[in-house]
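# Descriptive structure summary
Next come the chains, spelled out residue by residue.
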Amino acid sequence: MAQGNYSHIEIPADNVDRAVGFYKSVFGWKFETIPGFEGYELYQTAAGREGIGGGIGKRGQTAGKEIRNYIDVDSVDDAVAKVKQHGGKLVLPKAEVMGQGWYAVVTDSEGNEFAVWQNDPNARRG
């Protein structure tokens with residue numbers, strides 16, 4: 001994915017199975033369970049890779065408490081520095097998703113929360 005594109009939209013749920021059923025039934029989203037990430041289901045909004053994907057996780061446990069948009073960046077560290085330079089704030093520091101990449105949660109100049117995501121160049125992609 002290119003720098004600045006939305007890459008992942010995370011939806012918190014009180015009941016992950018119920019939420020998965022809802023989005024499957026209403027929109028026809030495809031879901032995938034990843035071993036080692038129990039309580040978190042990945043989704044793809046359209047057939048193939050042209051749709052935006054994301055995940056549904058247990059609110060406040062395997063996902064945040066609110067919907068969180070992830071934006072691709074070349075470097076989480078550089079993006080966080082730019083966010084701070086332009087009036088945003090760091091909410092959660094850089095963290096690793098083992099074998100996938102790194103993210104940090106920030107706010108924009110208006111207080112809206114989002115995450116920046118850096119892919120691990122060594123991660124295996126499907």
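Just above, that's the structure.
Residues numbered from 1 in each chain as written. Predicted model: local features only at pLDDT ≥ 70, side-chain atom pairs only at ≥ 80, totals over all residues. Heavy atoms only, no water.

## Re the overall build of the chain
From N to C terminus, the chain includes two helices and eight strands. Shown N-terminal to C-terminal, the secondary structure of the chain runs as helices and strands in the order β-α-β-β-β-β-α-β-β-β. Reported as C-alpha extents along the three principal axes, the dimensions of the chain are approximately 45 × 30 × 25 Å. The proportion of buried residues among the 126 residues of the chain is 38%. In the chain, of all internal contacts separated by at least 6 residues, the share reaching a separation of at least 24 is 48%. Surface accessibility of the chain: about 7900 Å² in total, with carbon and sulfur atoms responsible for 51%. Here the chain carries 14 positive and 17 negative side-chain charges, and the mean point of each set is 3 Å from the other. (Helix = DSSP H or I, 4+ residues; strand = E, 2+ residues; numbered from the N terminus. Buried < 20%, exposed > 50% of the residue type's maximum accessible area, 1.4 Å probe, protein only. Contact = heavy atoms within 4.5 Å. Areas by Shrake-Rupley, 256 points an atom, 1.4 Å probe, with all protein chains shown as cover. Lys, Arg positive; Asp, Glu negative; His and termini not counted. Charge placed at Lys NZ, Arg CZ, Asp CG, Glu CD.)

## Overview of helix 2 (residues 76-85)
Residues Val76, Ala79, Val80 and Val83 constitute the buried set of helix 2. An end-on view of helix 2 places all buried positions within 100° of arc, on one side of the element. Those residues of helix 2 that are exposed and angled more than 90 degrees off the buried face are Lys82 and Gln85. For helix 2, the secondary structure elements touched by its buried residues are strand 6 (89-97), strand 7 (101-107) and strand 8 (113-119). The opening residue of helix 2, the one whose side-chain oxygen lies 3.4 Å from the backbone nitrogen of Asp77, is Ser75. Phi turns positive, to about 100°, at Gly87, one or two residues after helix 2. (Arc of directions from axis to C-beta. Polar contact = N/O pair within 3.5 Å; in protein donor to acceptor, adjacent residues only side chain to side chain.)

## Quick look at the pairing of strand 7
By the criterion of burial, strand 7 is predominantly enclosed, with six of the seven residues buried. Counting the residues that bridge the hairpin from strand 6 to strand 7 gives three residues, and of these Gly99 lies at a positive phi of roughly 80°. Relative to strand 8, strand 7 runs antiparallel, the two being bridged by seven bridges. Bridge pairing in strand 8 links Gly101 to Asn119. What sits between the antiparallel neighbours strand 7 and strand 8 is a turn of five residues, in which Gly111 has the positive phi angle 90°. (Pairing = 2+ DSSP bridges.)

## Some thoughts on the packing of aromatic side chains
Per the counting criterion, the structure on display carries five aromatic pairs. Both rings, one in Tyr23 and one in Trp29, keep their centres 4.6 Å apart while their planes meet at 15°; by these two values the pair is stacked. Judged by relative accessible area, Tyr23 falls into the buried class, the value being 18%. Plain terms: the ring middles of Trp29 and Tyr43 are 4.3 Å apart, the flat faces sit at 15° to each other, and that makes the pair stacked. Of the two residues, Trp29 sits in the loop between helix 1 (16-27) and strand 2 (30-33) while Tyr43 sits in strand 3 (residues 40-44), which places them 14 residues apart along the sequence. A connected cluster of aromatic rings, assembled from ring pairs, spans Phe22, Tyr23, Trp29, Phe31 and Tyr43. (Phe/Tyr/Trp six-rings, centres within 6.5 Å; stacked < 30°, edge-to-face > 60°.)

## Things to note about the pattern of salt bridges
The tally for this structure, following the rule as stated, stands at four salt bridges. A salt bridge links Asp14 to Arg59; the nearest nitrogen and oxygen atoms lie 2.9 Å apart. Here Asp14 is found in the loop between strand 1 (6-13) and helix 1, whereas its partner Arg59 is found in the loop between strand 4 (53-58) and strand 5 (68-72), with 45 residues between them in sequence. Relative accessible area serves as the criterion here: at 47%, Asp14 is assigned to the partly exposed category. Residue Arg59 is classed as partly exposed on the basis of its relative accessible area of 33%. A salt bridge links Glu113 to Arg68, with the shortest nitrogen-to-oxygen separation between them at 3.0 Å. A residue pair is termed long-range when its members are at least 10 positions apart, and Glu113 in strand 8 and Arg68 in strand 5 qualify at 45 residues. (Salt bridge = Lys/Arg side-chain N within 4 Å of Asp/Glu carboxyl O.)

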